[in-house]
Amino acid sequence: MSTKEQDQAEALRHALIDHVPHAQAIGLEVVYVKKAKACLKVPYAPHLVGNPDTGVVHGGVITTMLDNACGVAVQMALDEPSSIATLDLRIDYMGPATPGRDILGEAHCYKVTKSVAFVRGVAFHDDRDDPIGTCHGAFMLAANRAVAPSSRIRRHVMKGERPNAPDSGATGGEG
């Protein structure tokens, strides 16, 4: 990993992983980041086991890792950091993770539109061509900047203005 990629990984770990309590709880680590790509790792730990009889990691851990890997890949695809939110995440499980082994999750953001980013990912041990599971996701961009129509109306009311009637065809403006 280049120094720039190491710096990006450290910044993303701090910005995205350290501020997500669930990511901290599962020990999520950033392995590498590249343009529109990310690889995360969940180190095997007994508290992550879903079935004590088999030692297999719970599927929710893999879901969390893939969701976070996809989110980091989206961030790496954007020109500037932006708030994002998972709109849809489909995961297809191919088989259980091997007990006692770390799990890797790679994601690639392959399309970014004005408001949505699309991502694919895979969870695996050593060989991404032998997956534990795969995913496809969609992420809303600028998630905290979306202004609900009721917020627009509230702004007009607070300014002492009368907002346009909903059926008048006028939008009432943004300001």
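Colleague: What's the story with the overall build of the protein chain in this structure? I'm lost.
Modeller: The helix and strand inventory of the protein chain stands at 4 helices and 8 strands. Along the protein chain, helices (α) and strands (β) appear in the sequence α-α-β-β-β-β-α-β-β-β-β-α when read from the amino end. Counting the 175 residues in the protein chain, one finds 35% classified as buried. When the accessible surface of the protein chain is summed, it comes to about 10100 Å², and 53% of that surface belongs to carbon and sulfur atoms.

Colleague: Help me out: how do you make sense of the packing of aromatic side chains in this one?
Modeller: The description of an aromatic ring pair rests on the distance of the ring centres and on the angle between the ring planes. In this structure the tally under the stated criterion is 0 aromatic pairs. Just above the ring of Tyr32 sits the side chain of Lys34; from NZ or CZ to the centre is 5.2 Å. Between Arg120 and the ring centre of Tyr110, over which it is positioned, the NZ or CZ distance is 3.7 Å.

The rules behind each value
Residues numbered from 1 in each chain as written. Predicted model: local features only at pLDDT ≥ 70, side-chain atom pairs only at ≥ 80, totals over all residues. Heavy atoms only, no water. Helix = DSSP H or I, 4+ residues; strand = E, 2+ residues; numbered from the N terminus. Buried < 20%, exposed > 50% of the residue type's maximum accessible area, 1.4 Å probe, protein only. Areas by Shrake-Rupley, 256 points an atom, 1.4 Å probe, with all protein chains shown as cover. Phe/Tyr/Trp six-rings, centres within 6.5 Å; stacked < 30°, edge-to-face > 60°. Lys NZ or Arg CZ within 6 Å of the ring centre and 35° of its normal.

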